[in-house]
Amino acid sequence: MAHIGMDLNRFILEEERRFARATGSLTLALTAVETATKIISANVRMAGLANVLGKAGKVNVQGEEVQKLDEMSNSLLIQHLSDSGQFYGLASEELDEAVFPENGAEGRYVISFDPLDGSSNIDVNVNIGTIFSIHKVVSGNEEDFLQEGSLQVAAGYVVYGSSTMLVYSTGRGVNGFTLDPSVGMFLLSHPNIRIPEKGGIYSINEGNYTMWDSRLKKYIDTLKARGTKARYIGSMVADVHRTLIKGGVFAYPADSKNKSGKLRLLYEASPMGFLIEQAGGRATTGVEDILKVKPKSLHQRVPVFLGSSGDIGELLEFL
Ligand code: P6P
């Protein structure tokens, strides 16, 4: 029985024991994510001191300046996920193509991840995070990354904020673990997270208002008229974490400049949509459920509206 303070490893093992056919592979896979993100957390915590601030002098597949912490986080995840032997393939926001670890031939899973999302906030000490999405190997090639979000075996994020929290789901609810740096363990702090049916907060970059569809403008204007609170950090992991805990709506819509929105399906929209739905909320592109979208490419972007089911229902009436 899960109790506050239970460590993540024991929680994962107890979850595994509930499945007679479990081989322990997912446990090893999740443990590799845990180890890599603990090390990333230690580096993020000392970013201001260890000269890892600033640019790495490179540009990634998204055309974004690569920050040193981005590069380090990506390398750490590649190393630990590969070493685990549980992953047939790895897809990263920082890599144009998927990589297939030498010792992953027998791996039962593929993983897509954003090693350090929100990295433009690194130099100003604002929350950033790691997001991951795990699918089963089906065909043993790159197609395995292009499965619908509803088929995820596990998804989660680590938010490096006032504390470091790992929040994940394997399809049986959502649980949050807070890193206790004094013992270097993630301890259960938020068991069975449920998102409120309605929340009094909306989270969207209003700097793009003039480029939005008129129906979206009408919806946001209605929220304002009601005095709904606006909260926008500009770091998806932080904005979604607040939405998961407090309720409300997070949105990164398409606009006249970004016809498919800005956020990536495989390692942002899909894992976050999975968590929000597992917590009782909804996640949509505005046209269809995010978890039903069949990906066409690794770095495909989609419009994102996710949060409390009551709020998303109202939003869809406007759209
Ligand atoms: P904007 C960070 O760069 C990111 O990918 C997400 O973490 C965040 O939600 C979004 O972009 C913020 O974008 O255009 O509002 O700065």
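Every value quoted in this text rests on a predicted model; they were computed, and no experiment measured them. (Residues numbered from 1 in each chain as written. Predicted model: local features only at pLDDT ≥ 70, side-chain atom pairs only at ≥ 80, totals over all residues. Heavy atoms only, no water.)

Time to look at the sheet that holds strand E10 (residues 201-203). Taking strand neighbours across the sheet as the criterion, the five strands line up as E11-E10-E12-E14-E13 in an open arrangement whose pairing is mixed. On the outer flanks of this sheet lie strand E11 (229-230) and strand E13 (282-284), each paired with one strand and no other. Of the pairings in the sheet, the one linking E13 to strand E14 (residues 304-307) comprises three bridges and is antiparallel in character. Residue pairing for E14: Thr 284 is matched across the bridge by Phe 305. Of the strands in this sheet, E10, strand E12 (249-252) and E14 touch helix H5 (residues 236-246), which is tilted by about 155 degrees from E12. (Pairing = 2+ DSSP bridges. Helix = DSSP H or I, 4+ residues; strand = E, 2+ residues; numbered from the N terminus. Contact = heavy atoms within 4.5 Å. Axes fitted to C-alpha atoms, helices over the stretch in contact; angles between N-to-C directions.)

Further remarks concern the environment of Leu 216. Mapped onto the secondary structure, Leu 216 falls in helix H4 (residues 214-226). According to the relative accessible area criterion, Leu 216 is buried, its value standing at 3%. Apart from residues no more than four positions distant in its own chain, Leu 216 is found in contact with Ile 204, Pro 253, Phe 305, Leu 315 and Leu 319. (Buried < 20%, exposed > 50% of the residue type's maximum accessible area, 1.4 Å probe, protein only.)

Here the focus is the pairing of strand E4 (residues 109-117). For E4, a buried count of nine out of nine residues is recorded, marking the element as mostly surrounded by other parts of the structure. Relative to E4, strand E3 (residues 87-92) runs parallel, the two being bridged by five bridges. Across the sheet, Phe 87 pairs through a bridge with Tyr 109, a residue of E4. Here E4 runs beside strand E5 (residues 128-136); their pairing, made up of seven bridges, is antiparallel. Its bridge partner being in E5, Asp 117 is matched across the sheet by Gly 129.

This part is about the sheet that holds strand E8 (residues 175-180). With mixed pairing, the seven strands of this open sheet are ordered in space as E3-E4-E5-E6-E7-E8-E9. Looking at strand neighbours, the two that pair on one side only are E3 and strand E9 (185-190), the edges of this open sheet. Between one strand and the next, the sheet's axes are offset by a mean angle of 20 degrees, whatever the strand orientation. Two strands pair when backbone bridges link them, and E5 and strand E6 (residues 154-160) are joined in this way by seven bridges, in the antiparallel orientation.

The next point concerns the site of the ligand. In the vicinity of the ligand, the contacting residues are Asp 117, Gly 118, Asn 205, Tyr 232, Gly 234, Ser 235, Met 236, Tyr 252, Lys 262, Leu 263, Arg 264 and Glu 268. In this structure, Tyr 232 approaches the ligand through a side-chain N or O atom, which is 2.5 Å from an oxygen atom. Taken by itself the ligand offers 400 Å² of open surface, and the protein chains cover 83% of this. (Near = heavy atom within 4 Å. Polar contact = N/O pair within 3.5 Å; in protein donor to acceptor, adjacent residues only side chain to side chain. Areas by Shrake-Rupley, 256 points an atom, 1.4 Å probe, with all protein chains shown as cover.)

Turning next to the side chain of Asp 144. Residue position: Asp 144 is located in the loop between E5 and E6. For the buried residue Asp 144, which engages in no salt bridge, the nearest side chain bearing the opposite charge is Lys 294, 8.9 Å off. A polar side-chain atom of Asp 144 sits 2.7 Å from the main-chain amide nitrogen of Ser 139. (Lys, Arg positive; Asp, Glu negative; His and termini not counted. Salt bridge = Lys/Arg side-chain N within 4 Å of Asp/Glu carboxyl O.)

So, on to the domain arrangement of the protein. Along its sequence, the protein is organised into domain 1 (8-190) and domain 2 (201-318). With centres defined by C-alpha atoms, the gap from domain 1 to domain 2 works out at 22 Å. Counting from both sides, the interface comprises 48 residues of domain 1 and, opposite them, 31 residues of domain 2. Here domain 1 and domain 2 share an interface that buries about 2,800 Å² over both sides, 63% of which is from carbon and sulfur atoms. (Domains from an automatic or database assignment. Buried area = accessible area lost by both parts, 1.4 Å probe.)

What follows deals with the pattern of salt bridges. Pairing between side chains of opposite charge can happen when the charged atoms of each approach one another. For the structure shown, the criterion picks out 11 salt bridges. For Glu 15, the salt bridge identified is with Arg 172, shortest N-O distance 3.6 Å. A residue pair is termed long-range when its members are at least 10 positions apart, and Glu 15 in helix H1 (residues 8-17) and Arg 172 in the loop between strand E7 (164-169) and E8 qualify at 157 residues. Residue classification places Glu 15 among the buried residues on the basis of a relative accessible area of 8%. Salt bridges here are not isolated pairs; linked through shared partners, they connect Glu 93, Arg 264 and Glu 268.

Let us now look at helix H7 (residues 309-318). Residues of H7 that are buried: Ser 309, Gly 310, Asp 311, Ile 312, Glu 314 and Leu 315. Buried residues in H7 make contact with H4, E12, E13 and E14.

Within the secondary structure layout, Pro 253 lies in the loop between E12 and helix H6 (265-278). Judged by relative accessible area, Pro 253 falls into the buried class, the value being 5%. Considering only alpha carbons, one finds Pro 253 and Leu 216, 37 residues apart in sequence, at a separation of 8.6 Å. Other than its neighbours up to four places away in sequence, Pro 253 contacts Ile 204, Trp 212, Leu 216, Gly 261, Pro 303, Val 304 and Phe 305.

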